[in-house]
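Notes for the structure review
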Amino acid sequence: VKGCLRMEHLSAQGNRQVAPDVRTYNIILSAYANEKGPADAEKVLQRLEMHRNIKPNSITYTTCMDSYAKRGDAHNNLRILSLMEKSYENGNLQAKPTRRTYVSALNSLAKSGRGDAGSRAEALVQTMEKMSQSGDSDLKPDTTVYNVLINCHKNSAARAEKVLYRMGKRDVVSYSSVINVYSKMGGVKAATRAQALLDEMQKEDVKPNAHTFNSAITAWSRSGSKGSALKAEILLKNMEDLYEAGNKSLQPSAQVYTSVISAWAKSNEPGSALRAEILLKLMWAMYKRGNKSVKPNVQTFTSVISAWAKSRDNKAGEKAEALIDQMINLYEKGDKDVRPNVLSFTSAIHAYARIGARDGAQRGEDLLKKMKSIGVKPNLQTYNVLISLWGNSQQMGAGKKAESILTKLEDEFRNGNKDMRPTVVSYTSCISAWAKSPDHGKAERASAVLGRMKEMHALGNIADRPNEFSYTAVINACATTYGDQDEKQDAFRIAYSTFKEMSESDDLSPNHVTYSTFFRAISKLMPNGEKKESMVSAAFRLCLRDGQCDSNCLFHMKNAASPELVADLLGCSDPSEAASLTVDELPHEWTRNIKHAPRRNNIK
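Residues numbered from 1 in each chain as written. Predicted model: local features only at pLDDT ≥ 70, side-chain atom pairs only at ≥ 80, totals over all residues. Heavy atoms only, no water.

Overview of the overall build of the protein
Formally: Put simply, DSSP H or I for four residues or longer makes a helix, DSSP E for two residues or longer makes a strand, and each gets a number counted from the N terminus. Within these notes, the globule rule equals 2.2 Å times the number of residues to the 0.38 power, and the radius of gyration is based on C-alpha atoms. A 1.4 Å probe rolled over the protein chains alone gives each residue an accessible area, and that area as a share of the maximum for its type sets the label: buried under 20%, exposed over 50%, partly exposed in between. Residues count as neighbours in contact if any of their non-hydrogen atoms are within 4.5 Å of one another.
When its secondary structure is counted, the protein shows 31 helices and zero strands. For 604 residues, the compact-globule estimate of 2.2 N^0.38 gives 25 Å, and the protein exceeds it by more than 25% at 33 Å. Dimensions of the protein, computed from the C-alpha atoms along their principal axes, are close to 115 × 55 × 50 Å. Residues counted as buried form 50% of the 604 residues belonging to the protein. Sequence-distant contacts, at least 24 apart, represent 66% of the contacts inside the protein between residues at least 6 apart.

Description of the pattern of salt bridges
Put simply, the rule is: Each salt bridge in this description consists of a side-chain nitrogen of Lys or Arg and a carboxyl oxygen of Asp or Glu lying within 4 Å of one another.
Counting across every chain of the model gives 27 salt bridges. Linking Asp21 and Arg23 is a salt bridge whose minimum nitrogen-to-oxygen distance equals 2.9 Å. Owing to a relative accessible area of 26%, Asp21 belongs among the partly exposed residues under this scheme. For Asp136, the salt bridge identified is with Lys96, shortest N-O distance 2.8 Å. Of this pair, Asp136 sits in the loop between helix H7 (117–133) and helix H8 (143–152) while Lys96 sits in the loop between helix H5 (74–89) and helix H6 (99–112); the two residues are 40 residues apart in sequence, bridging distant segments of the chain.

Here we look at helix H2 (residues 22–35)
Selection rule: Residue count minus one, scaled by 1.5 Å, sets the expected span of a helix.
An ideal rise of 1.5 Å per residue puts 20 Å on 14 residues; H2 measures up with 20 Å between its terminal C-alpha atoms. Turning to H2, its buried residues number three or more, namely Val22, Thr24, Tyr25, Asn26, Ile28, Leu29 and Ala33.

Thoughts on a positive patch on the surface
Basically, it comes down to this: Surface patches are defined over residues having more than 30% relative accessible area and no salt bridge, joining like charges when they lie within 9 Å and nonpolar side chains (Val, Leu, Ile, Met, Phe, Trp, Tyr) when within 5 Å. Surface exposure here means Shrake-Rupley accessible area, sampled with a 1.4 Å probe, where a residue is shielded only by the protein chains that are shown. By the counting scheme adopted, Arg and Lys are positive, Glu and Asp are negative, and His together with the chain ends is not counted. Think of each charge as sitting on NZ of Lys, CZ of Arg, CG of Asp or CD of Glu.
A cluster of like positive charges, contributed by Lys154, Lys184, Arg222 and Lys266, occupies part of the molecular surface. Its place among the elements puts Lys154 in the loop between H8 and helix H9 (157–166). Residue class for Lys154 comes out partly exposed when judged on its relative accessible area of 41%.

Some remarks on the nonpolar core
Defined as follows: Residues grouped as a nonpolar core are buried Ala, Val, Leu, Ile, Met, Phe, Trp, Tyr and Cys residues, joined through side-chain atoms within 4.5 Å.
Counting 180 residues, the largest nonpolar core has Phe518, Phe519, Ile522, Val536, Met557 and Leu570 as the members making the most contacts within it. Once residues within four sequence positions are removed from consideration, Val536 is found in contact with Phe519, Ile522, Met557, Ala560, Ala561, Leu565 and Leu569.

A look at helix H22 (residues 424–436)
Over its 13 residues, H22 extends 18 Å from the first C-alpha to the last, a length consistent with the 18 Å expected when each residue adds 1.5 Å. Counting buried positions over the 13 residues of H22 gives 10, a clear majority of the element. Of the residues making up H22, those classed as buried are Val424, Ser426, Tyr427, Thr428, Ser429, Cys430, Ile431, Ala433, Trp434 and Ala435.

A closer look at unusual backbone geometry
With phi around 65 degrees, Asp205 is a residue other than glycine that occupies positive phi space. Tracing the backbone shows Asp205 in the loop between helix H11 (188–203) and helix H12 (210–221). A positive phi angle is found at Arg312, which is not glycine, with a value near 60 degrees.

A look at the side chain of Thr101
Mapped onto the secondary structure, Thr101 falls in helix H6. Apart from the residues lying within four places of it in its own chain, the contact partners of Thr101 are Thr62, Met65, Leu81 and Met84.

Considerations on the environment of Glu533
The residue Glu533 is located in helix H27 (residues 530–545) in this model. Taking C-alpha positions, Glu533 is 31 Å from Thr428, a pair spaced 105 residues apart along the chain. When sequence neighbours within four positions are dropped, the list of residues in contact with Glu533 reads Ala560, Ala561, Ser562 and Leu565.

Examining the environment of Asp337
Note the following rule: Throughout this description, a polar contact denotes any pair of N or O atoms lying within 3.5 Å of each other; where both atoms belong to protein, one of them has to be capable of donating a hydrogen while the other can accept it, and for residues adjacent in sequence the pair is counted only when both atoms sit in side chains.
Here Asp337 is to be found in the loop between helix H17 (316–332) and helix H18 (342–355). A residue is classified by how much of its surface remains accessible, and Asp337, at 45% relative accessible area, is partly exposed. Separated by 40 residues in the primary sequence, Asp337 and Asn297 place their C-alpha atoms 5.3 Å from one another. In this structure Asp337 touches Lys295, Asn297 and Val298, once residues within four positions along its chain are discounted. Of note is the side chain of Asp337, whose polar atom sits 3.4 Å from the side chain of Lys295.

Some words on the confidence of the model for the protein
To keep it simple, the criterion reads: Confidence scores labelled pLDDT are given residue by residue by the predictor and lie between 0 and 100.
Overall, the prediction assigns the protein a mean pLDDT of 91, with 95% of residues at 70 or greater. With pLDDT under 50 throughout, residues 597–604 is counted as low confidence; its partners more than four residues away or in other chains account for 19 contacts.

A short note on the packing of helix H23 (residues 442–458) against helix H25 (residues 485–503)
What counts is decided by this rule: Structural elements are reduced to axes, namely lines fitted to C-alpha atoms, with helices fitted over the stretch in contact, and the angle between N-to-C directions of any two is expressed from 0 to 180 degrees. Orientation is classified from the angle alone, with under 35 degrees giving roughly parallel, over 145 giving roughly antiparallel, 65 to 115 giving roughly perpendicular, and any other angle giving oblique. Crossings are classed by handedness, with left-handed meaning an anticlockwise turn of the near helix from the far one by less than a right angle and right-handed meaning a clockwise turn. For this classification, the nonpolar set comprises Ala, Val, Leu, Ile, Met, Phe, Trp, Tyr, Cys and Pro, the charged set comprises Asp, Glu, Lys and Arg, and every other residue, Gly included, is treated as polar.
Two elements in contact, H23 and H25, have axes whose closest approach is 9 Å; the angle formed by their N-to-C orientations is 30 degrees. Taken together, H23 and H25 sit at an angle that is classed as roughly parallel. Handedness of the crossing formed by H23 with H25: left-handed. For the pair formed by H23 and H25, the contact residues are Ala443, Glu444, Ser447, Leu450 and Lys454 on the first element and Ala491, Ile494, Thr498 and Glu501 on the second. Across the contact of H23 with H25, the residue classes tally to four nonpolar, two polar and three charged.

Examining the state of the cysteines
Selection criterion: Sulfur atoms of two cysteines make up a disulfide when they are within 2.5 Å.
Considering all chains together, one arrives at zero disulfides under this definition. Cysteine Cys549 shares no disulfide, and the gap to the nearest cysteine sulfur, in Cys543, comes to 4.7 Å.

A closer look at the packing of aromatic side chains
Applied cut-off: Aromatic rings from Phe, Tyr and Trp, with only the six-membered ring used for Trp, were paired whenever their centres fell within 6.5 Å, and each pair was classed as stacked if the ring planes differed by under 30 degrees, edge-to-face if by over 60, and tilted otherwise. Whether a charge sits over a ring comes down to the Lys NZ or Arg CZ being within 6 Å of the ring centre and within 35 degrees of the ring normal.
Scanning the model with the defined rule gives eight aromatic pairs in all. For the ring pair Phe492 and Phe518, a centre distance of 6.0 Å and an interplane angle of 20 degrees mean the geometry is stacked. In this pair, Phe492 sits in helix H25 while Phe518 sits in helix H26 (residues 512–525), placing the two residues 26 residues apart along the sequence. Across this residue pair, the class does not change: Phe492 and Phe518 are buried. Among the aromatic residues, those joined into a cluster by ring pairs are Phe492, Tyr496, Phe499, Tyr515 and Phe518. When the ring centre of Tyr243 is taken as origin, the NZ or CZ atom of Lys248, which lies over that ring, is 4.5 Å away. When the ring centre of Phe413 is taken as reference, the NZ or CZ atom of Lys418 above it lies at 4.9 Å.

Notes on a negative patch on the surface
Taken together, Glu444, Asp484, Asp486 and Asp490 make up a surface patch of like negative charges. When you line up the elements, Asp484 lands in the loop between helix H24 (468–479) and H25.

As structure tokens, then:
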């Protein structure tokens, strides 16, 4: 800028040969845009707009717009476009917006993440189409314009595909962009459509590239449908065949192989973990033969570990830990790309939790030590899985160990580590650990953890309030209590008060698991007699009122009540008839609200 001012000064003194022109300012603006940023670049534009003899041209405005577009700042990009249009309308014919100008505006919208990006982009393209139809052929949208418009519809595959068939000539970018939108949606319909577009483009003699195939593979990976992993691997095989046939742009990369491995990890199909590990070994073999592009990285290993964690194979924990050890060994030998991260370790610990191994808690603790030894910090999910592991161990002291981890989370959160804020999963897993432990006094300890959770929520320290699983876990701790009659009596007092609090809550209500567990508590903890009969009767009538009587409720109610009471509650004249009655023979009203939750693959 100082140099430009010097040139203007010399020009004013009569040296016309050094007079700056708009190209000089454009070079300066471009330098500011690249080194300083859009705000400084715009200052050059503003100076030029106020210049007496030199006016900004389309390149000036578009360069400034590009600077904002790179940052996804659509607001300021479109503001500069508006200034440009006004300058042209006011007589600056060199400031006429060009097709390149509108592409810059579209790019800014595509990168902005704005909810109205698609509609705003459509308006811009429609403006171009109208001006083109009015005789301005330079503004006729071309393939590039429509490709960027597709990217502006990244949240709507239907709109993106509508643009695909509205445009004239379609290229590999056009198809790949739409397939990429489908790949992010998830579901079998999205994957099927992505596959159809891949097939269509090849029929239209538009050659897919590696990005196209990877997007289609990702679509199958996220579909969650049966056979999706095999379809993803078939696409990988197609890539390999095309590459071997001479299309060197289709050499499968580590990212593509990792996407296929991820598809197997998510498939939950028999043998999926083994198939994922076979692909990992294939990648290593190719890498050692000189194919550097398929070198496995931390994401590759972690996807295989995740596959084992979800497999429920009896040796899943050992397989996952072996992969962790391999990663650590490679990392310590200098391979920084495979240093295991927190997700790698947490997935390996989860592998032990999923199979419920008795020694899983200790193996999880060993993995935690390995984790810390290479400087990887555990996160909330890591500790939640460890709490669950201690519950699965059913060892003496497991409840106390789980609670010590929960206390650690609470302390770290109070000390400012917001990432360690305990969740309902943290507390409920701890209560469950007490419930599954053989320790004396576990009902009281489980109830105390529930009380802590309620207090932490009331103080605003945690976002979650206890849910039906939290309360039911306390009742389960009572139902599995062993000991003398005094301990059983205390346990039932806690079970009853927990059940009563839940039943009277405005936010919660017992579900079929709660009722079933409460019947077990009555059966085990209350002595036979009138009070026990009265308690069973009252609880079962509530269960029927709520439509929550499943086969377990029916079974445990029968165990808790006398044959005569069972017959009365079920409306049978004969106790033997009542004893043989199944849940399928009950009135629909009694079972209407039973909801069986799907299995969860991850502890969060």
